[in-house]
Amino acid sequence: MAPFIPQGLVNPELTLFFALVLGLGFGYVLEQAGFSSSRKLAGVFYGYDFVVLRVFFTAGITAMTGLLFFSYLGWVDMSLVYINPTFLWSAVVGGAIMGFGFIMGGFCPGTSLVGAVIGKVDAMVFVAGMFIGLFVFGHFYHTFEPLYTGSFLGSPFIYETLGLSRSLFALLMALMALFAFAITQIIEDRVNKTDPARIGKRPSYVLPAMMLAGAMLVFLFLPPEKSSGLSEPRCGEIMAAWQQGGGRVDAEKVAYDIIRGNQDVVLIDLRPQEHHLHFTLPGAVNIPPEELLSRRWRAFFRKDPRHKVFFGDGTSLAARAWTAAVRQGYEGVYYLEGGLNGLFDRLFAEKPGHAPHGSNGYMNQFSERFVREARQFFMEGGAIRAEESRPVPVRTIIEIKAPDVAGGC
Amino acid sequence: MTIKLLNTGTLLFAALLAAGLLFAALTSGKYNQSNGRVLEKALDESFVVGYGELQGLLDEPERRVLLVDLRPAEAFAAGHLPGAINIPAAQILDQNAQGPLKEKNRAILLYAAEEHEAATVAMLLMGKQKKAVVRVVAGGFEDIRAQLLEGPLDPSFRYFRDDKARFDYNRFMKTATQADGEETAPPPVPEFRTEVVSVQGGC
C-alpha cells in the first residue's frame with residue numbers, strides 16, 4: 001500500500017534517487033509539451049495559447065481521480081500522504097510575485113530549468129534571476145520571517161473548508177476543468193482568428209468529457225473507503241465459529257501453556273501500557289487495541305505462525321479485539337475467557353471444588369489437582385523460571401583478523 | 001492527437017475504471033462498515049452502557065433505545081428487562097430479524113448472558129448496519145438482574161465495567177518484571193544473542 005516510504009516498504013535513503021528519477025521524468029514531460037518556450041508559457045496571459053492551463057488542469061484531475069480511487073480501494077493511505085502546510089499571507093504574496101515574474105519572464109521556476117537545460121538563453125537568465133532572488137530572500141530572511149511564517153492554517157483541505165464531501169468537490173473540479181477547457185478553446189480561436197473550417201476538423205472531445213464526468217459522478221456515491229476487504233470472512237462464518245466456542249481459551253489452558261513454556265503460543269496484553277508494566281503474564285506482548293488493525297502489526301498477525309491469545313482484565317475487551325482480528329482475516333487468534341480476573345479467580349481464589357464448565361466428576365478432580373499445582377508453581381516464582389528459560393536465537397558475527405606479519409625490507 | 005488515439009485513450013480509461021469498480025464490487029456486500037470503523041466504535045467509552053445510564057434510559061417515558069435480549073427464548077421467558085425484545089444471538093444476523101433493528105432514531109442496546117457475548121454480536125451487527133448505533137449493557141444478565149431488577153441500584157455499581165482489575169496480581173504471581181518488588185520497565189527482550197567468532201586469515 002502506498003505511500004511506500006512512510007510505510008517502510010521502500011528504503012528512505014532512496015528518497016533522493018526517486019526525486020532524481022521523477023525530476024527527469026517531469027522535465028521530459030514539460031519539454032515534450034513545449035513548456036521550454038517562454039512564448040508558449042506566456043500565451044495563457046495573452047489568450048493565444050492556453051496549453052499551460054490545460055496541461056496542469058489535466059494533471060491535477062488525473063492525480064485527484066487516482067488518489068480518490070486508490071484511497072477507496074485501500075491502495076493508498078491518505079493519512080500518510082504529505083500535504084504542504086498553508087501559510088496564508090506568504091502564499092498570497094509569494095503567488096503574486098511568482099505571477100508577476102511569470103508574465104515578465106515567460107517562465108515559472110520548473111520550466112525555466114527545462115529551458116535552460118536545452119540551451120535557451122532567456123531561460124538561463126531567468127534561472128540566474130531566480131538564484132539572485134533566493135540569495136536576497138536568504139540574506140534578508142529575518143526581515144521576511146514574520147510574513148513567511150505568519151497566519152499558519154495547518155494543512156486544510158479546501159473541501160473541508162467549503163463544507164463539501166471529497167467526492168462532491170472532485171466532481172465539481174472535474175466539471176470546472178471541462179468548462180475551462182471549452183471556454184479557453186473558444187478564447188484561443190477568437191484571439192488567433194482560427195479558420196472555422198479548421199475548427200470543424202478537430203476531434204470531438206464530447207466522449208472523453210462525458211466519461212470523466214460520469215466517473216466523477218460514480219465516485220460521488222462511493223464511500224471514502226471500502227467497507228469490506230478481500231480477506232474478510234463473512235459475518236455468518238464468524239458468528240457460526242464463535243457460537244461453536246471458537247476463539248475462546250480458558251484460564252487453565254493459558255496456565256498450562258505458561259507452566260510448560262509453550263513456544264507455540266504468544267499472549268497479547270490489551271491493557272494500557274502502565275498496567276502492562278505493573279504486571280503482565282510471562283512473555284506477553286502489549287498491543288493497544290486501537291492499533292490492532294494497523295500496518296505495524298499486520299505482518300505479526302499474518303506471518304507469525306504462533307497462536308495469539310488476547311487478554312485483558314476481563315473478557316469484553318479481548319472479545320472485541322478477537323472479533324476485529326478474525327474479521328480482518330487473521331488466523332490462529334483466540335481470547336482468554338474471564339481475562340486476568342478469571343485466571344486469578346480460578347487459580348488463587350479460595351474456592352475449593354470450583355468446577356470448570358461442563359466437567360464431570362473425574363475431570364473435576366483432575367482439574368482441581370492441576371489448579372493446586374499451578375497455584376504452587378506461580379507462587380513459588382515458576383513464572384520467572386519459565387521466562388528465563390525461553391531460548392534466545394543466536395546471531396554469529398565472524399571477525400577476520402589480519403595475520404601477524406613480521407619481516408620486510 | 002488523432003481521433004483514433006483519443007478514442008483509444010478514452011476506452012482504456014473506461015476499461016480501467018470498470019475493472020476497478022468490478023474488483024471493488026467483488027469484495028462488497030459482506031459488510032457495510034469497515035472493520036477499522038467498527039473497532040473504533042467498539043473501543044469508544046460510550047460503547048458500554050453502565051447501570052446508572054441504563055436505569056435512566058429505562059425510566060424514560062419514550063424509549064430512545066431498543067433493548068434486545070440475545071439469550072435463548074427459554075432464558076428470556078424466565079426473566080428479562082422490561083421492554084426488551086428477544087432475538088437470540090444465532091438469529092440476529094438473519095434477514096428476518098433485521099426488521100425491528102432498522103427502526104430509525106432508536107439506538108440498539110444489546111445484552112446477553114455475558115458482556116463479551118453482547119460485544120461480539122454488537123460488532124458484527126455494526127458491520128452489517130452502517131448507520132445503526134449499537135451499544136451493549138455492562139456485565140451479563142445476572143449482574144443486570146441483581147442491580148436493576150432486584151431492588152434499588154447500588155451506587156457503587158453505577159459505572160460497573162467488566163474490564164477492571166479485581167486483584168492485585170503481583171501479590172499472587174511473580175514474573176521477572178516484578179521480581180524485585182518494584183515497578184520497573186521490563187528489560188528489552190533481545191531478538192537474538194550476538195556471538196563474535198574471531199578467525200585469523202589473510203596471506
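In every chain, residue numbers begin from 1 and rise along the written sequence. Labels are handed out in written order, letters beginning with A for the chains and numbers beginning with 1 for the ligands. Restriction of local features to residues with pLDDT of at least 70 applies here, the model being predicted, together with a cutoff of 80 or more for giving and counting side-chain atom pairs; totals for whole chains, interfaces and linings are based on all residues. Computation of side-chain values covers all heavy atoms of the structure but excludes hydrogens and water.

## Section: the overall build of chain B
Now for step 1: Secondary structure elements are taken from DSSP: a helix is a run of H or I of four residues or more, a strand is a run of E of two residues or more, and numbering for both begins at the N terminus. Helix and strand content of chain B: seven helices and six strands.
Now for step 2: Listing every helix and strand of chain B by position from the N terminus yields α-α-β-α-β-α-β-α-β-α-β-α-β.
Now for step 3: Between two residues, a contact is recorded if the distance between any of their heavy atoms is within 4.5 Å. When contacts within chain B are restricted to residue pairs at least 6 apart in sequence, long-range pairs at least 24 apart make up 65% of them.
Now for step 4: Accessible surface is estimated by sampling points in the Shrake-Rupley manner with a 1.4 Å probe; for residues, cover comes only from the protein chains shown. Summing over all exposed atoms, chain B offers an accessible surface of approximately 11,300 Å²; the carbon and sulfur share of this is 56%.

## Details of the sheet that holds strand β5 (residues 134-137) of chain B
Residues and elements named next belong to chain B.
Now for step 1: Pairing in this open sheet of five strands is parallel, and the strands run β1-β5-β4-β2-β3 from one edge to the other. In this open sheet, the two strands that pair with only one neighbour each are β1 (48-49) and β3 (85-86).
Now for step 2: Two strands are said to pair when DSSP picks up at least two bridges between them. Of the strand pairs in this sheet, strand β2 (residues 65-69) and strand β4 (residues 107-111) are connected by five bridges, and their pairing is parallel. Residue pairing across strands places Asp69 opposite Tyr111, the latter belonging to β4.
Now for step 3: Here the axes come from fitting lines to C-alpha atoms, over the contacting stretch only for helices, and the angles between their N-to-C directions go from 0 to 180 degrees. The sheet contacts of helix α6 (residues 115-128) involve β1, β4 and β5, and relative to β5 the element is tilted by about 175 degrees.

## Side note on the nonpolar core
Now for step 1: Among the nonpolar cores identified, the biggest contains 73 residues, and Phe301 and Phe310 of chain A together with Leu54, Val68, Leu70, Ile92 and Leu110 of chain B are the most heavily contacted of them.
Now for step 2: Excluding its chain neighbours within four sequence positions, the residues that come into contact with Phe310 of chain A are Ile268, Leu270, Leu292, Phe301, Ala318, Ala321, Trp322, Ala325, Val333, Tyr334, Tyr335 and Leu336 of chain A.
Now for step 3: In this description, a nonpolar core means a group of buried Ala, Val, Leu, Ile, Met, Phe, Trp, Tyr and Cys residues linked to one another through side-chain atoms lying within 4.5 Å. Think of it in three bands: residues with accessible area under 20% of the maximum for their type are buried, residues over 50% are exposed, and the middle band is partly exposed, with areas taken using a 1.4 Å probe on protein chains only. Ala251, Val309, Phe344 and Phe370 of chain A belong to the second-largest nonpolar core, a separate cluster that totals 26 residues.

## Description of the confidence of the model for chain A
Residues and elements named next belong to chain A.
Now for step 1: As a per-residue quantity, pLDDT reports the predictor's confidence and falls between 0 and 100. Here chain A averages 82 in pLDDT, and 85% of its residues register 70 or above.
Now for step 2: Looking at the elements of chain A, mean pLDDT is at its lowest for strand β6 (residues 394-401), recorded as 58, and at its highest for strand β4 (residues 307-311), recorded as 95.
Now for step 3: Counted against residues more than four places away or in other chains, residues 352-359, with its pLDDT under 50, gives twelve contacts.

## Points about the sheet that holds strand β2 (residues 265-269) of chain A
What holds strands together in a sheet is hydrogen bonding between their backbones, with the strands either parallel or antiparallel.
Residue and element names in this part refer to chain A.
Now for step 1: If you trace the five strands from one edge of the open sheet to the other, you get β1-β5-β4-β2-β3, paired in parallel fashion. Edge positions in the sheet fall to β1 (248-249) and β3 (285-286), since each has one partner strand and no second.
Now for step 2: Against the sheet, helix α16 (residues 316-327) contacts β4 and β5 (333-336), and its axis sits at roughly 170 degrees relative to β5.

## Some thoughts on the pairing of β2 of chain A
Residues and elements named next belong to chain A.
Now for step 1: Counting buried residues in β2 gives five out of five residues, a clear majority hidden from the surface.
Now for step 2: Residues of β2 alternate between two faces, with Val265, Leu267 and Asp269 on one and Val266 and Ile268 on the opposite face, all of them buried.
Now for step 3: Note: β2 against β4, five bridges, orientation parallel. Pairing of Ile268 across the sheet is with Phe310, part of β4.
Now for step 4: Seen with its strands pointing away from the viewer, a crossover is right-handed if its path from the first strand over the helix to the second goes clockwise. Considered for its hand, the β-α-β crossover made up of β2, helix α14 (residues 273-278) and β3 is right-handed.

## A word on the packing of helix α12 (residues 235-243) of chain A against α6 of chain B
Now for step 1: α6 of chain B packs onto α12 of chain A with a crossing angle of 170 degrees between their chain directions and a minimal axis gap of 10 Å. Here α12 of chain A is positioned roughly antiparallel relative to α6 of chain B, judged by the angle of their axes. Here Cys235, Ile238, Met239 and Trp242 of chain A of α12 of chain A come into contact with α6 of chain B, specifically with Glu117, Thr120, Val121, Leu124 and Lys128 of chain B.
Now for step 2: When residues are sorted by character, Ala, Val, Leu, Ile, Met, Phe, Trp, Tyr, Cys and Pro go into the nonpolar class, Asp, Glu, Lys and Arg into the charged class, and all the rest, Gly among them, into the polar class. Residue classes in the contact of α12 of chain A with α6 of chain B are distributed as six nonpolar, one polar and two charged. Here the word oblique covers every angle except those under 35 degrees (roughly parallel), over 145 (roughly antiparallel) and from 65 to 115 (roughly perpendicular).

## A short note on helix α13 (residues 251-260) of chain A
Now for step 1: Ala251, Glu252, Val254, Ala255, Asp257 and Ile258 of chain A are the residues of α13 of chain A that are buried.
Now for step 2: Positive backbone phi, at 65 degrees, marks Gly261 of chain A, one or two positions downstream of α13 of chain A.

## What about the side chain of Arg135 of chain B?
Now for step 1: You can see Arg135 of chain B is positioned in strand β5.
Now for step 2: In terms of polar contacts, Arg135 of chain B uses its side chain to reach the side chain of Glu53 of chain B, at 2.9 Å. The term polar contact refers here to a pair of N or O atoms within 3.5 Å; inside protein, the definition further demands a hydrogen-donor-capable atom paired with an acceptor-capable atom, and it admits residues adjacent in sequence only when both atoms are side-chain atoms.

## Quick look at the packing of helix α3 (residues 51-73) of chain A against helix α9 (residues 166-192) of chain A
Residue and element names in this part refer to chain A.
Now for step 1: Viewed as axis vectors pointing N to C, α3 and α9 meet at an angle of 160 degrees, and their least axial separation amounts to 10 Å. With respect to their mutual orientation, α3 and α9 come out roughly antiparallel. In this structure, α3 meets α9 at a crossing whose hand is left-handed. Residue-level inspection shows Val51, Leu53, Arg54, Phe57, Thr58, Ile61, Met64, Leu68 and Ser71 of α3 in contact with α9, the latter providing Arg166, Ala170, Met173, Ala174, Met176, Ala177, Ala180, Phe181, Thr184, Gln185 and Glu188.
Now for step 2: Of the residues that constitute the contact of α3 with α9, the class distribution is 13 nonpolar, four polar and three charged. Less than a right angle of anticlockwise turn of the near helix away from the far helix marks a crossing as left-handed, whereas a clockwise turn marks it as right-handed.

## So, the pairing of β4 of chain B
Residue and element names in this part refer to chain B.
Now for step 1: The buried fraction of β4 is high, at five of five residues.
Now for step 2: What you see with β4 is no split at all: Ala107, Leu109 and Tyr111 on one side and Ile108 and Leu110 on the other are buried throughout.
Now for step 3: Bridge count for β4 against β5 is three bridges, and the pairing is parallel. Bridging from a neighbouring strand, Leu109 pairs with Arg135 of β5.
Now for step 4: With respect to chirality, the unit in which β4 leads through α6 into the neighbouring parallel β5 is right-handed.

## Things to note about the environment of Val218 of chain A
Now for step 1: Structurally, the position occupied by Val218 of chain A is in helix α11 (residues 206-220).
Now for step 2: Val218 of chain A sits 51 residues away from Ser167 of chain A along the chain, and the two C-alpha atoms are 9.0 Å apart.

## Some details on unusual backbone geometry
Residue and element names in this part refer to chain A.
Now for step 1: With a phi close to 50 degrees, Ser151 is a non-glycine residue in the positive phi region.
Now for step 2: Tracing the backbone shows Ser151 in the loop between α7 (141-149) and α8 (158-162).
Now for step 3: The phi torsion at Lys193 lies on the positive side, around 50 degrees, for a residue other than glycine.
Now for step 4: Classification of Lys193 by relative accessible area gives exposed; the value is 71%.

## Details of the packing of aromatic side chains
Residue and element names in this part refer to chain A.
Now for step 1: In this scheme Phe, Tyr and Trp rings, the latter by its six-membered ring, pair at centre separations within 6.5 Å, and the angle between planes marks the pair as stacked below 30 degrees, edge-to-face above 60, and tilted otherwise. In the structure shown here, the tally under the stated rule is 22 aromatic pairs over all chains.
Now for step 2: Pairing Phe45 with Phe102 gives two aromatic rings, centres 5.2 Å apart and planes at 75 degrees, and the pair type is edge-to-face. Of this pair, Phe45 sits in helix α2 (residues 38-46) while Phe102 sits in helix α4 (residues 88-105), and the two are 57 residues apart along the sequence.
Now for step 3: Ring geometry for Phe137 and Phe144: centres 5.6 Å apart, planes at 5 degrees, overall stacked.

## Quick word on a negative patch on the surface
Now for step 1: The residues that make up patches have over 30% relative accessible area and no salt bridge, and they are joined within 9 Å when like-charged or within 5 Å when they are Val, Leu, Ile, Met, Phe, Trp or Tyr. The term salt bridge refers to a pairing of a side-chain nitrogen on Lys or Arg with a carboxyl oxygen on Asp or Glu at a separation within 4 Å. In this tally, Asp and Glu contribute negative charge and Lys and Arg positive charge; neither His nor the terminal groups of the chain are included. Throughout, a charge is located at the NZ atom of Lys, the CZ atom of Arg, the CG atom of Asp or the CD atom of Glu. Residues Asp250 and Glu337 of chain A together with Glu114 and Asp143 of chain B make up a contiguous surface patch of negative charge.
Now for step 2: Relative to the assigned elements, Asp250 of chain A resides in the loop between β1 and α13.

## Here's the deal with α4 of chain A
Now for step 1: Counted at 1.5 Å a residue, the expected span for α4 of chain A with its 18 residues is 26 Å, and the 25 Å between its end C-alpha atoms agrees.
Now for step 2: Downstream of α4 of chain A by a residue or two, Gly106 of chain A has a phi angle that is positive, lying close to 80 degrees. Expected span of a helix, by definition, is 1.5 Å for each gap between consecutive residues, and there is one gap fewer than residues.

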